[in-house]
Amino acid sequence: MTGLPRPLTASTTRRSLIGLGAAGAGALALAACGGPSVGGGSGGSDGGSAAEETDFSSVEPATEIAFWTSHPGGSKDVEAELITKFTEETGITVKHVTAGSNYEEIAQRFQTAQAAKDDLPAVVVLSDVWWFRYFLEGNIAALDPMIEKLGIDIADYRDSLVADYQYEDKQWALPYGRSTPLFYYNKDHFAAAGLPDRAPKTWQEFEEWAPKLTQGDVAYMYPDLAGYAGWTLQNVLWGKGTAWSDDWTLKVSDPKTIEAMTWVQDTVHSAGWAQVASSDSADTFAAGVCSTTIASTGSLVGVLEAASFDVGVGFLPAGPVDGPVCPTGGAGLGVPSAITPEQQLAGAMLIEFMGRPESTVAFSGATGYMPIRKSADVSALLEKTPQIQTAIDQLEVTRTQDYARVFLPGADQEMATAVGSILTEEGDVEKAMTDLQTKLQDIYTKQVEPKLS
Amino acid sequence: MSSTTTGQGAPPRRRRLSGRGRRDAIWFLALALPNIVLIALFTYRPLLTNVYYSTLDWTLGSASATFIGLGNYVEFFTSTAGHESIRITVVFTLVTVGGSMVLGLLLALALNARIPGTAIARSAAFAPYVLSGVGVGLVWLFIFDPDFGVLAWFLRQLGLSSPEWMNDPTMALVMVMVVYIWKNLGYCAIVYLGGLQSLPQDVLQAAALDGAGPLRRFWSISLPLLSPTTFFLLITTMLSSLQAFDILRIMTPTGRGTNALIFESYLQAFGGYSRAGYSAAISVVLFLMLIVITVVQVRFVEKKVHYA
């Protein structure tokens, strides 16, 4: 018994613990001073536009890099094949990392890695709503000097897709898994309803067709709220002569926008020919639950494989106002700013390889995403999946997305919430849109405007 | 007057540690210091760092931030979204804690019966508790799916249509609460079962001899004697419910109607808003809430506990 330690006396314990606590608290208070540097102002661009460009003329590429991807459109296998070819050609080893299952998850990891200042990849998949935020925070590097060094033929990329990543006369990413929404229709249902074998030219025309489409549970399925409702609804807004925004001027609570969203609500509640999907509307469509839906071209191959009926695809229906009604979407590839020039150059080489005509054809064939190069030979691709031609053709009539949707942090989520209240709770449209306008304006004022140069 | 009065102005005498005392102190430090260092590094340091971040206007991924003091807290407590998140947290916690404990007790009473197959039944009842919340959420999504789900099929057989479990915020909250109670029911049942099996049988038999029926014996004897178990479960299930995340995140990724505090904290940082400072403030609010609830329970609720 005598060999065992006794409990300490009360006074010793108290003093020891107080001393330990004080020392610990001091040390922890110092430790807590890590993280971002704190300034008194409201911020400013963290370097995306201000960062000095590296002179790559004497830089040699790194021999080992990481590629962070969410494998858009189920592209894991085709990505792996392309990476193997890249390594054979260049000798650069690529760690193929599943950094998330969607754009939001990969963004979460990328941003966390920025905060930790560690473990950044050389190439990252970035979606249409994330790249600008990365630019604002100085997380991605301008690709121009790398494009020049590698002699990447930007003019051969499809113009509208390349332009999506340009800001302040610099190129911040290059296209990768790029898509547009497509109108999917069940050919069997259309035939049974006596409708022509084509997508409706306008929503007005579809309103006339919808009552005849009784073979499924519902004629038209809106994409689920988690599936970028703000993206596809731009089609309706643009067709009715309005938008989420005009550059940085919000138009969410404009009378025309409220009128357009009231029409959307009526299609679900008054007319009753539409519903909102509970999960991916492409899956719901492929299961035959609905006769038509709008989903990404990235879902095309999956739908064709899953559906037990003939699938038709067409351009998005137009509205009463002339002009493009189809937004672009999908993801590009970017290079982090906080890695070495050697890593950046090797990353840019991978981006160049993934964007080659033959690579983009392979990628499109496996996913349904659009070939991003003008010179890509799509004949074999079209032989296998002729529906992709529709997506390529539609690209000529696309429109750049509204700033409010793609450039405001959290705007997609706020739009989904507002649309949800309108469609699933039959809420007051004017109130929902006015509230949304207030929230988006607040986001712009606090989070974006101070950082715009 | 104090019995330890010293001369005015004279410093108090410090009691020196004896050789034995010093040895004990060294033993204490040798044994406790590694754990204290680890806890300080991986628990208290992040905790304090998080409190510090909660005073910043900081966009996740940004290298710079602005100090705004209590601005994030003011925004949270004055915004409709903040109030809604607190309401959802309270509803979710009350329903899941109450549901898990009441149903867990009923299940424990059934499992306490001396009939064949109870060992298998006990294992089956406890199994959901040890399953991954992500897996549970995915499976229940298939069950609740209004188009393809098993539940929708049963409702169709009855001539009913399925509620919009995922799209309607109210039904989404009901859905995640049902799944959460199902997953945690077994835990409460097994803990209650242990309590039931340790009840003094002589007291119960005496009551039976005095003519007390099963309901009377349960209400007047078993339930009061189970109060230590109930108290333990009240604390653990409440802390668990307040920190519920996996099922909510998997079944309702947008958080419409289900954004309890911890989920709202996640959504604000990682769900598209990238508001790391605001998210940290919500985490601190949740932390303080957990502390207050635990202290209140220990200080006041425990007084009602009957220890045998």
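Each value, and the rule that gives it
- Residues numbered from 1 in each chain as written.
- Chains lettered and ligands numbered in written order.
- Predicted model: local features only at pLDDT ≥ 70, side-chain atom pairs only at ≥ 80, totals over all residues.
- Helix = DSSP H or I, 4+ residues; strand = E, 2+ residues; numbered from the N terminus.
- Contact = placed C-beta atoms within 7 Å.
- Pairing = 2+ DSSP bridges.
- Axes fitted to C-alpha atoms, helices over the stretch in contact; angles between N-to-C directions.
- Buried ≥ 20, exposed ≤ 12 C-beta atoms within 10 Å, placed from the backbone.
- Parallel < 35°, antiparallel > 145°, perpendicular 65-115°, else oblique.
- Left-handed = near helix turned anticlockwise from the far one by under 90°.
- Nonpolar A, V, L, I, M, F, W, Y, C, P; charged D, E, K, R; others polar.
- Domains from an automatic or database assignment.
- Bend = angle between axes of the 7 residues up to and from the residue.
- Core = buried A, V, L, I, M, F, W, Y, C linked by C-beta atoms within 7 Å.

Trainee: What's the story with the environment of Leu 226 of chain B in this structure? I'm lost.
Mentor: Residues and elements named next belong to chain B. Position of Leu 226 relative to the elements: it lies in the loop between helix 9 (214-225) and helix 10 (227-242). Counting along the chain gives 32 residues from Leu 226 to Thr 258, while the straight-line C-alpha distance between them is 33 Å. Not counting chain neighbours up to four residues away, the residues in contact with Leu 226 comprise Tyr 192 and Gly 195.

Trainee: Explain unusual backbone geometry here, please?
Mentor: Residues and elements named next belong to chain A. Despite not being glycine, Glu 168 shows a phi value in the positive range, around 50°. Relative to the elements of secondary structure, Glu 168 occurs in the loop between strand 5 (166-167) and strand 6 (170-171). The phi dihedral of Asp 247 is positive, around 50°, even though this residue is not glycine. Here Asp 247 shows up in the loop between strand 10 (245-246) and strand 11 (249-250).

Trainee: I keep staring at the sheet that holds strand 4 (residues 123-127) of chain A and nothing clicks. Help me out?
Mentor: The pairing of strands in a sheet comes from backbone hydrogen bonds and takes either a parallel or an antiparallel form. Residue and element names in this part refer to chain A. Strand order across the open sheet formed by five strands is 3-2-4-16-7, with mixed pairing between neighbours. Of all strands in the sheet, those bounded by a partner on one side alone are strand 3 (93-98) and strand 7 (174-179). Within the sheet, the average angular offset between the axes of one strand and its neighbour, ignoring direction, is 25°. Strand direction decides the pairing type here: strand 4 and strand 16 (residues 329-334), joined by four bridges, are antiparallel. Bridge pairing in strand 16 links Leu 126 to Gly 332. Against the sheet, helix 3 (residues 103-116) touches strand 2 (64-69), strand 4 and strand 16, its axis set at about 130° to strand 4.

Trainee: When you look at the pairing of strand 4 of chain A in this model, what are you seeing that I'm missing?
Mentor: The side chains of a regular strand alternate between both faces of the sheet. All names here are of chain A. The element strand 4 is largely enclosed, with a buried count of five among its five residues. What you see with strand 4 is no split at all: Val 123, Val 125 and Ser 127 on one side and Val 124 and Leu 126 on the other are buried throughout. For strand 2 and strand 4, the ladder comprises two bridges, and the chain directions are parallel. If you follow Phe 67 over to strand 4, its bridge partner there is Val 123.

Trainee: What is the right way to look at the pairing of strand 2 (residues 64-67) of chain B in this model?
Mentor: All names here are of chain B. Taken together, the two bridges between strand 1 (residues 56-57) and strand 2 define a ladder with antiparallel strand orientation. Bridge assignment links Asp 57 to a residue of strand 2, and that residue is Thr 66. Counting the residues between successive antiparallel strands, the hairpin from strand 1 to strand 2 contains six residues, one of them, Gly 61, with a positive phi of roughly 100°.

Trainee: Hey, could you run me through the packing of helix 5 (residues 133-144) of chain B against helix 7 (residues 169-197) of chain B in this one?
Mentor: Each pair of packed helices can be described by the angle between their axes along with the distance between the axes. All names here are of chain B. Following both chains from N to C, one finds helix 5 and helix 7 inclined at 130°, their axes separated by 11 Å at the closest point. Considering their axes alone, helix 5 and helix 7 lie oblique with respect to each other. The way helix 5 lies across helix 7 gives a crossing that is right-handed. Contact with helix 5, carried on its side by Gly 133, Val 136, Gly 137, Trp 140 and Phe 144, involves Met 175, Val 179 and Lys 183 of helix 7 and no other residues of that element. Tallied by class, the residues present in the contact of helix 5 with helix 7 amount to five nonpolar, two polar and one charged.

Trainee: Help me understand the domain arrangement of chain A in this model?
Mentor: Interfaces are often sized by the amount of accessible area the parts lose when they come together. Residues and elements named next belong to chain A. Each domain of chain A was delimited in the assignment, giving domain 1 (56-178 + 330-376) and domain 2 (181-327 + 400-451). Counting from both sides, the interface comprises 16 residues of domain 1 and, opposite them, 13 residues of domain 2. Element by element, the count of residues in the side of domain 1 that touches domain 2 is highest for helix 4 (residues 131-136), at three residues. Grouping the constituent residues of the side of domain 1 that touches domain 2 by class yields seven nonpolar, six polar and three charged.

Trainee: Honestly, the packing of helix 10 of chain B against helix 13 (residues 276-299) of chain B in this entry has me stumped. Any pointers?
Mentor: Residues and elements named next belong to chain B. Where helix 10 contacts helix 13, the axes come no closer than 11 Å and their chain directions differ by 170°. Taken together, the axes of helix 10 and helix 13 are roughly antiparallel relative to one another. Note on element contacts: helix 13 touches helix 10 through Leu 286, Met 289, Leu 290, Ile 293, Thr 294 and Gln 297, opposite Leu 234, Ile 235, Met 238, Leu 239 and Leu 242. Residue classes in the contact of helix 10 with helix 13 are distributed as nine nonpolar, two polar and no charged.

Trainee: Would you explain helix 1 (residues 19-53) of chain B in this entry?
Mentor: An α-helical segment advances 3.6 residues per turn. Residues three or four places apart therefore align on the same side. Ala 32 of chain B marks the point of greatest bend in helix 1 of chain B, at about 45°, and the proline Pro 34 of chain B comes within the next four residues. Of the positions making up helix 1 of chain B, those classed as buried are Asp 24, Leu 48, Tyr 52 and Tyr 53 of chain B.

Trainee: How should I be thinking about the nonpolar core in this particular structure?
Mentor: Side chains of nonpolar character tend, in soluble globular proteins, to be buried together. All names here are of chain A. Within the largest apolar cluster, 128 residues are counted, with the highest numbers of intra-cluster contacts made by Trp 131, Leu 143, Ala 173, Phe 183, Leu 350, Val 419 and Leu 440. Per element, the largest residue contribution to this core is eight residues, and it comes from helix 14 (residues 341-354). Shared between two domains, this core takes at least three residues from each, and those domains are domain 1 (56-178 + 330-376) and domain 2 (181-327 + 400-451). Excluding its chain neighbours within four sequence positions, the residues that come into contact with Leu 350 are Ile 65, Phe 67, Phe 86, Val 94 and Val 123.

Trainee: I would appreciate a short explanation of the sheet that holds strand 14 (residues 311-314) of chain A in the present structure.
Mentor: All names here are of chain A. Strand order in the open sheet made by the five strands is 12-9-13-8-14, with mixed pairing throughout. Each end of this open sheet is capped by a strand with a single partner; those strands are strand 12 (274-276) and strand 14. Taking each pair of neighbouring strands and ignoring which way they run, the sheet shows an average axis angle of 25°.

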